[in-house]
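# Structural characterization, general
Chain by chain, the residues:
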Amino acid sequence: MLKSKTFVKKTRAGGVLKIVREHYLRDDIWCGSEVCMECKDEAPVLQEDACIESSLCSYPHYLIPDTNVVLHQIDILEDPLIRNVIILQTVLQEVRHRSAPVHKRIKDAIHEKDKHFYTFTNEHHRETFVERVQGESANDRNDRAIRVAVKWYTDHLAKVTNGDTMKVVLLTNDWANKEKAEQHGLLVYRCEEYVKSLIGNPELVDRLALTSDDQNEITGGKLMFPEHLPLSRIQTGIKNGLFLQGTFHANRDNYLEGTVFMHREGEEVTEVLLQGFQNLNRAVHQDIVAVELFPTERWVAPSSVVLQDEGPHDEDVEEDEIKENVESVSQSSVLKPTGRVVGIIKRNWRPFCGMLSQSQIKEATRHLFTPADRRIPRIRIETRQAATLVGQRIMVAIDGWPKNSRYPNGHFVKNLGTAGDKETETEVLLLEHDVPHQPFSQAVLCFLPKMPWTITEEDLKVRADLRHLCVCSVDPPGCTDIDDALHCWQLENGNLEVGVHIADVSHFIRPGNALDQEAANRGTTVYLCGKRIDMVPELLSSNLCSLRSNVERLAFSCIWEMNHNAEIINTRFTKSIINSKASLTYAEAQMRIDDTTMNDDITKSLRGLNKLAKILKFRRTEKGALTLSSPEVRFHIDSETHDPIDLQTKELMETNSMVEEFMLLANISVAQKIYEEFSECALLRKHPSPPPSNYDILIKAAQSRDLVIHTDSAKALADSLNNATVESFPYFNTLIRILATRCMMQAVYFCSGMDSDFHHYGLASPIYTHFTSPIRRYSDIIVHRLLAVAINADSTYPDLMDKHKQSAMCNNLNYRHKMAQYAQRASVAFHTQLFFKNKGIVNEEGYILFVRKNAIIILIPKFGLEGAVFFENKDKPSPHLCFDSEGPTLTVEEHTFHMFDKVKITVSLDSSNIQHQRIRMALIEPVISGVSVPVPESEPEAKKPKLDR
C-alpha cells in the first residue's frame, strides 16, 4: 500500500518548492517472537521463555519502552538482566534526532544477540501506522503511534497464543501517556516501579535516572539559583543581541569561576568571565549556555587564587559569603567582560568517572560523588551499596540540577574497579577523555586484507617502482607503526633528489566501509605510558602499513629536486613501492652521521638529509617560526611489574630535527597541491595568532628580569625569545620558552572552503596540512585521498568534495586530537604517581613557573613535573600573605617569591586520601610550611603544543 504526503518548503534562494514524499505500508512485517506461528520469521529474536522475575508481572512478557525511557534510562536497558525488548521505529527515530550518543548505545544493544532486542518498523506496518491529525503536536502523535503499536502487539500475541501465554508491557514515565494507555486496556508501568519490582536485583535501582518529579521531591528547600529562561526567550534574546551564546569552560583551579567562549567569529567580545555561585547558575563544563553581559562598570579580572571545592557544602550556604570570597581575589588592572548564565541551550553531560564520598549519616542512601575531573561539580546520587563502592572507581551520570540544590542529582552507572589499580586507572582516563578503546568489531575486521598479502602485478603497473632507492626510516626506539621514511641521493646534474615516503594507508582503507567509519570516529591513535590505542587494526598499524626494513611496502611519495642550498627546483607526488634498507632509531642515525669511518649509502643519505635540514630550519626560523620548549617525560618500565622504575625528560638530537624538517616540508608541499586542485574542500591545518592579552604573563615575566618581549608578530616573538638570556641563569631561556607555549592557541583542522585564514602561526607558514602520519591520524588519510585524486591516482567520491561534511569531520578530528593529548598527560601524571610511590621522598631543585595569590606553581625540570605549593592550611594558622599582581610576586611572612626563582623542594606521594592521591611538593629552602597538590596534567593552564608535524 502506498501513501503520499505533500508539503511545501522554502529554499535558500527564497523560492517555494513542492515536495511529495511516498510512504509504503506493508502487511508482511513480522512481530519477531518465537511464540508466533503466524509470522513467517525464520530467525525470531524475541524468546518464548522470556521470564524476567517481577512482582508486578508474574507472567512471561516483552517490554516496549517509550522514547523518554530510552533517552533517560539507557543505563537500565543496557543491563544484562533486561532482555526481550521491542524497540519501535517511532522511538528509534525520535532518539536519533534528540541524542546521537543514546542512539548509538541503543543500536549497540539491538545488535547484541544475548539481549534479544527487536526493532519493529511500526511506521511501515499497515495496522500500526498513524497519521498526524490536525492540531496534534508531533510529540502527541508519536505517543499515540507507540500506544497503537503496543495495542497491536497485545492483540496479535493474544491471538497467536490463545490469550494467556505472552503479554506486552509498555514502560513510560509520562503520566498522561500512562493514563491514556490504561484507558485502552494496555499493560503499562512507570519505569521506576517496574525496575523496583524486579526480584533479586536491588542494585539495578541505583541505575535509575531521576525524573524531574523525583528531583524536586529530593531537594526541596529554598531557591539557590535563578530560574533558567525558557528556550523561546533565549532564542529571541540572542537574535536581539540581549544575550550571547557560547560554550562554558569551568576553571579547574577555582570552582567559583568559568569562561564562556562565543561561537561566532569576528565578534568584539569573544569570551565572557563568570564569577560567583549564582552567576555560574548550574552550568557544567562544556554546556552551551546563554549569557547576559554585565555593564562595563561590573567587569572584573580573572581570579589569581587556586580555590577548589574540597568538601561538601551546606545546602543553605550563603551566597554573600561565596561572593565575598570571589571579589576578594579579583582586584587587578586587567578587567574582562563579565556576565551571568541566564539559560542552558544544550547540556553536554556524559557519564563521569570518580569516587563516592560516603555520607556520615548512618543508614543514609544519599551520598556525594566526586568526579575525577575537577571541572565537574560533585553529584548527589542515591545508592544502597555505598559500603561496597567506597574505594572503587565508579561512573555516575547527571540526571538534572534543580534550582534549589547545591549539587546536581545523578545515578550510579558502573563500577570500574579498585582505585589505584593500573588497569582501572587506565580505563578511567580513557573513559574520562572519551577515547574509543573497545576492540575492533568483526564488522570492521572483515574489511582487512586477507593474509598472506603480497604486492600484485596490478600494483606494479600503476605505481612508481622505488625499491632500488636507499630509503630508511628514523623513529623513536621500540616504534612499530613506522609511517615515514626518507632518502637523499645526488643526481647527474649535481642537484639532490630528496624523498619523503609515507605509508599508503588509504590503499587499504576505502571510503565509507566499516573500517573507514571506525577510523574516522577514533580520529587518532592515543599513546599512553606503556599502552597504545590504535586508530586502525594492528594488521595495518604494525604490519602492512609499517615501513619496516627489508620488506616491500606500498607508499605515497613526495619527491623534490633540490640544489645544495635546499632550494626546491621541482616537486612531484606519486604512489610508489619501496623497500626500506634500514629502520633506525634517532640515536642510531645520529651515530652513523657522527662516525667518520662510516661511508655506506645509508650513512651518506643521512648526512645529506641532515645538512639540508639545517638549512631548512635556519630559513624557517628566519621567517619567524617559533622554537618553543615543553618538557616531555619518558618512563623506563619494569618488564615484570610494568611499574615505572626511572623517569627522565627526553633529550633531542640533530636527527630529531632532521626528520621534523622534512615532514614539515612534505606537509607544506602537499597542502599547496591539494589547495590548488580543490580550493573549496581541501583539509588544512592552521594555528591562529594568540590575542594580545595572552602574552600578558610572558611580558611581565620578562620585565621581572629587565627584558622586553615583542609580540606584534611571530618573527618579533621569535627574535625576542632568542635574545632572552640572563648571564647568571642559563635555564632562564628554557623557562621563558615554556611560558611562551602557554600563550599559544591550539592548532586546528579546517576545510578550506569554510575559512579564510589559513596561516600557521607557530610554523610561520601561509598554508599547512597533515600528510605524514596516516597510520595514526585520520586527517592524513583524507589528505592522501585528496592528493591521489589531484594526481589522477584514485577516484573521488561525494563526501570528499562536500565542504560541509568535511568541516563536520574536522570538528570531530579536533575534538579527538585534544582528548588524546589530555589522556596522554593524564597517563603521565598517573605513572608519575606510581614512580614516587616506589621512590618515597625525593629532594629536587625546581623553578617557580607561576605565582598565585595563595600558592606558587613549581616546575621540576628533571621530571618535567609541575605542582602547586599552597600557603594556606585549613587545619593550621596561615602565614601572612601579600600578593602583588603587577609582579606578580607573593610575599609569605618576610620572603618574596618571584617567577623563575629557584627553590629546593621535597617531592613525595601523598596517599592520606585514597580518593585523590597526589604528588606532594613542600619547600626546603626557604622553609615555609605548606600543603601541596599538583597542577593537573590532563589539562594544563594553557596549551602545550609540540612542533606541528
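Residues numbered from 1 in each chain as written. Predicted model: local features only at pLDDT ≥ 70, side-chain atom pairs only at ≥ 80, totals over all residues. Heavy atoms only, no water.

### Comments concerning the overall build of the protein
Within the protein, the secondary structure is distributed over 25 helices and 39 strands. The buried share of the protein, reckoned over its 949 residues, is 54%. At a minimum sequence separation of 6, the contacts of the protein that also span at least 24 residues come to 68%. Accessible surface computed for the protein: about 43,600 Å², of which carbon and sulfur atoms make up 49%. (Helix = DSSP H or I, 4+ residues; strand = E, 2+ residues; numbered from the N terminus. Buried < 20%, exposed > 50% of the residue type's maximum accessible area, 1.4 Å probe, protein only. Contact = heavy atoms within 4.5 Å. Areas by Shrake-Rupley, 256 points an atom, 1.4 Å probe, with all protein chains shown as cover.)

### Some points on unusual backbone geometry
Peptide bonds are trans in most cases, and residues, glycine excluded, mostly fall at negative phi. In this structure, the amide linkage connecting Met451 to the following residue, Pro452, adopts the cis form with an omega of 0°. Relative to the helices and strands, Pro452 is located in the loop between helix H14 (442-445) and helix H15 (457-462). A cis amide bond links Gly887 with the next residue in sequence, Pro888, at an omega value of -10°. Relative to the assigned elements, Pro888 resides in the loop between strand S34 (881-884) and strand S35 (889-892). Even without being a glycine, Gln286 presents a positive backbone phi close to 80°. The residue Gln286 is located in the loop between helix H10 (277-280) and strand S11 (288-293) in this model. The exposure class of Gln286 is partly exposed, given its relative accessible area of 23%. Positioned with a positive phi, Asn550 is a non-glycine residue whose angle comes to about 65°. Its place among the elements puts Asn550 in the loop between helix H17 (538-544) and strand S24 (552-562). Looking at Asn550, the relative accessible area reads 56%, which means it is exposed.

### Structural notes on the pattern of salt bridges
A side chain of one charge can pair with a side chain of the opposite charge when the charged atoms of the two come close. Under the counting rule described, the total for this entry stands at 45 salt bridges. The partner of Glu382 in a salt bridge is Arg384, and the shortest N-O contact between them spans 3.9 Å. Arg384 gets classed as exposed once you look at its relative accessible area, which sits at 52%. Lys673 serves as the salt-bridge partner of Glu677, at 3.7 Å between the closest nitrogen and oxygen. Here Glu677 and its partner Lys673 are both found in helix H20 (residues 654-677), 4 residues apart, which amounts to about one turn of the helix. Through salt bridges with shared partners, a single ionic network connects Asp206, Arg366, Glu382 and Arg384. (Salt bridge = Lys/Arg side-chain N within 4 Å of Asp/Glu carboxyl O.)

### Some thoughts on the side chain of Asp780
As for its placement among the helices and strands, Asp780 is situated in helix H24 (residues 778-790). In contact with Asp780, other than residues within four places in its own chain, are His770, Phe771, Thr772, Ser773 and Pro774.

### Brief notes about the sheet that holds S34
Taken in spatial order, the 3 strands of this open sheet run S34-S35-S36, and their pairing is antiparallel. Edge positions in the open sheet fall to S34 and strand S36 (895-898), since each of these has one partner strand only. The mean inter-strand angle of the sheet, taken between neighbouring strand axes irrespective of direction, is 20°. (Pairing = 2+ DSSP bridges. Axes fitted to C-alpha atoms, helices over the stretch in contact; angles between N-to-C directions.)

### Re the packing of helix H13 (residues 422-432) against helix H25 (residues 803-839)
Where H13 contacts H25, the two axes come as close as 10 Å, and the packing angle between them is 155°. By the criterion of interaxial angle, the relationship of H13 to H25 is roughly antiparallel. Seen from above, H13 lies across H25 with right-handed handedness. Contact residues: H13 offers Lys422, Glu425 and Leu429, while H25 offers Ala823, Ala826, Ser827, Phe830 and Leu834. Class assignment for the residues of the contact of H13 with H25 results in 5 nonpolar, 1 polar and 2 charged. (Parallel < 35°, antiparallel > 145°, perpendicular 65-115°, else oblique. Left-handed = near helix turned anticlockwise from the far one by under 90°. Nonpolar A, V, L, I, M, F, W, Y, C, P; charged D, E, K, R; others polar.)

### Details of the sheet that holds strand S15 (residues 379-382)
What the 5 strands build is a closed barrel, ordered S13-S14-S15-S17-S16; its pairing is mixed. Between one strand axis and the next, the sheet turns through 55° on average, direction left out of account. As paired elements, strand S13 (residues 352-357) and strand S16 (residues 392-400) share 3 bridges and run antiparallel to each other. In the strand pairing of S16, Gly354 is matched with Ile394. The strands touched by H13 within the sheet are S13, S16 and strand S17 (409-418), with S17 carrying the most contacts at an inclination of about 140°.

### Considerations on the packing of aromatic side chains
Taken as a whole, this structure holds 15 aromatic pairs when the rule is applied. Aromatic side chains Tyr731 and Tyr847 sit 5.0 Å apart centroid to centroid with 20° between the ring planes, which places their arrangement in the stacked category. Remark: Tyr847 occurs in strand S31 (residues 842-851) and Tyr731 occurs in the loop between helix H22 (714-723) and helix H23 (732-741); sequence separation between them is 116 residues. Ring centres 5.6 Å apart and planes at 20° place the aromatic pair Phe871 and Phe897 in the stacked group. Taken together, the positions of Phe871 in the loop between strand S33 (865-870) and S34 and Phe897 in strand S36 put the pair 26 residues apart, joining distant regions of the chain. Looking at Phe871, the relative accessible area reads 1%, which means it is buried. Grouped by ring-pair contacts, the aromatic residues Phe729, Tyr731, Phe732, Tyr847 and Phe900 constitute a single cluster. Here the basic side chain of Arg298 rests over the ring of Phe294, its NZ or CZ set 3.7 Å away from the ring centre. A cation over an aromatic ring shows up here: Arg522 above the ring of Phe440, its NZ or CZ 3.9 Å from the ring centre. (Phe/Tyr/Trp six-rings, centres within 6.5 Å; stacked < 30°, edge-to-face > 60°. Lys NZ or Arg CZ within 6 Å of the ring centre and 35° of its normal.)

### What about the packing of helix H3 (residues 89-98) against helix H5 (residues 138-160)?
The contact between H3 and H5 brings their axes to 9 Å, and the two run at 145°. Across the interface between the two elements, Thr90, Val91 and Glu94 of H3 pack against Asn139, Arg141, Asn142, Ala145 and Ile146 of H5. Among the residues forming the contact of H3 with H5, the class breakdown is 3 nonpolar, 3 polar and 2 charged.

### Some thoughts on the confidence of the model for the protein
Scored by pLDDT, the protein has a mean of 85; 86% of the residues are at 70 or more. Segment residues 313-333: pLDDT under 50, and 36 contacts once partners within four positions in sequence are set aside and those in other chains are kept. Contacts for the low-pLDDT stretch residues 926-946, under 50 throughout, to residues beyond four places or in other chains number 73 contacts. (pLDDT = per-residue confidence, 0-100.)

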